[in-house]
Amino acid sequence: MAAPKITVIGTGYLGATHAAAMAELGFQVLGLDVVPEKIEMLGAGRVPMYEPGLEEILRRHVAGLPGSSGRLSFTTSYAEAAEFGDVHFICVNTPQKHGEYAADMSYVDAAVESLAPHLARPALVVGKSTVPVGSAARLAARIAELAPAGQEVELAWNPEFLREGFAVEDTLHPDRIVVGVTSERAEKLLREVYAGPVAEGSPFLVTDLPTAELVKTAANAFLSTKISFINAMAEICEAAGGDVAKLAEAIGHDDRIGRKFLRAGIGFGGGCLPKDIRAFMARAGELGADQALTFLREVDSINMRRRAHMVELTREAVGGAVLGTRIAVLGASFKPDSDDVRDSPALNVAGQLHLQGAQVTVYDPKGMENARAVFPTLGYAPSALEAVRGADAVLHLTEWREFRELDPEVLGEAVAHRRMLDGRNTLDPALWREAGWSYRALGRPTA
Ligand code: UDX
């Protein structure tokens, strides 16, 4: 039997990566987006965001590019996608609703409403977006109503766990593949799609629809809890004179706890963890199970407290008030190796200081353009050295490798005061102190 043909609906972070990865695995792929500019860019082999390795694999497959396999094309037409695909992956985003905790399902709903009326032959629609549990069942019912092929069109759920900065690696070699299905036919088709990664060792787990939806939200809730746990320990360490970095290392040696996601600092941000735990709480409330997740409210508030604490430490460092001081901020993206500034703790801290009257200058290796777009009133500099010129304090807020390699002597010559506040706990305190800097990190002793 011929290999299934694949469409990917939504070519943002997740979709662009998934489409390129599916082509890399050998499938014929058609990517769809409703934004023509995105389709134009991808069709020319360019990626609209910074993601290591993605543009390379895209270029290897986009039809019409020199030397490409030709397996990957793009369109804005749902009719064309429906005609083309045997398996349709829904990869649109589910942001937080404005002014509410709940997830905004309008993009997912619109994708299904637009695709389903064209599905005139057997097909499998596979949701990958992070959604409130119960959405899959609701969408399956909707597809049954709308699709001309009726029962021949099925729905499955296949959550995506990719991390920004590692999107290609996580898609081609996932930790696990989870598929929520309602029939053997759907399972068989998805086993075929993922045969490559499974042959290389990725576990393949088959569940029902609600469990598959929940795996994603549960995983993100757990990761957020882990970060907020260590940040709560950082608060205790500060109060008691302990060192949270050492504490994390020591508890992390216990395999049951594990060392990952125990980096204390200014907390988690990005387009996933913060909104996913809020949407999870909102959904639990709708299900009458809100008590089960009240702890996530605490996880969220510990996390938001970190940003306020960083602002407070800056105020202390410059003598009580930031009004009129010059503050250099190293980092704007929500994490290194990404240009994504959505809910970025770094940019949030920079913004708070700016609102309190500090003259803030930001530098980030990749996130400048996005940062400027959301916060045009901040100052921006083309390098770390330029950003720190004349600064009364330097804040290290996104842990890019480039910042670990900075020379405290060279920077020391440029600043007005040698004050380093390390919001990510990744600089070497001894190095900075030896060069005459006052070095302060969250959850660690002051000297
Ligand atoms: C996350 C999940 O990891 C991924 O599985 C899911 O598919 C999407 O959400 P991502 O948003 O790319 O991925 O970022 P992640 O690497 O998880 O980091 C999230 C935030 O937590 C970042 O702001 C990071 O700086 C912060 N973080 C992470 C910490 O503060 N401490 C840590 O120990 C780890």
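Residues numbered from 1 in each chain as written. Predicted model: local features only at pLDDT ≥ 70, side-chain atom pairs only at ≥ 80, totals over all residues.

Applicable threshold: UniProt positions are given in the numbering used here, feature names are shortened, and annotations may be inferred rather than shown by experiment.
You'll find the protein chain entered in an unreviewed UniProt entry as UDP-glucose 6-dehydrogenase, with Streptomyces sodiiphilus given as the organism. Among the UniProt annotations of the protein chain, the heading Sequence similarities (unreviewed entry) holds the following wording: "Belongs to the UDP-glucose/GDP-mannose dehydrogenase family." Turning to the protein chain, the UniProt record has this under Catalytic activity (unreviewed entry): "UDP-alpha-D-glucose + 2 NAD(+) + H2O = UDP-alpha-D-glucuronate + 2 NADH + 3 H(+)".

1. A word on helix H6 (residues 135–146)
Short version of the rule: Put simply, DSSP marks the helices as runs of H or I at least four residues long and the strands as runs of E at least two long, and each gets a number from the N terminus on. Helix span, as expected, comes to 1.5 Å for every residue beyond the first. The contact criterion used here is simple: two residues whose C-beta atoms, placed from the backbone, lie within 7 Å are in contact.
Between its first and last C-alpha atoms H6 spans 16 Å; for 12 residues at 1.5 Å apiece the expected length is 16 Å, and the two agree. In the core, the buried residues of H6 are packed alongside helix H5 (106–115), strand E5 (123–127), strand E6 (153–157), strand E7 (177–180) and helix H10 (209–240).

2. Some remarks on the domain arrangement of the protein chain
The criterion, for reference: Domain boundaries shown here were taken from an automatic or database domain assignment.
One can read the domain layout of the protein chain as domain 1 (6–207), domain 2 (221–300) and domain 3 (301–441). Just the C-alpha atoms count here: the centres of domain 2 and domain 3 sit 23 Å apart. Facing the 18 residues of domain 2 at the interface are 19 residues of domain 3. Looking at the side of domain 2 that touches domain 3, the elements that each hand over two or more residues are H10 and helix H13 (294–317).

3. With respect to the site of the ligand
Here is the rule: Each residue receives a C-beta atom built from its backbone; the residue is near a molecule or strand if that atom lies within 6 Å of it. Just so you know the grouping, Ala, Val, Leu, Ile, Met, Phe, Trp, Tyr, Cys and Pro go in nonpolar, Asp, Glu, Lys and Arg go in charged, and all remaining residues, Gly too, go in polar.
The environment of the ligand is made up of 20 residues, and the closest members are Glu164, Arg263, Phe268, Gly270 and Cys272. Residue contributions to the shell around the ligand peak at 3 residues, all from H10. In terms of residue class, the shell around the ligand is built from 10 nonpolar, 5 polar and 5 charged.

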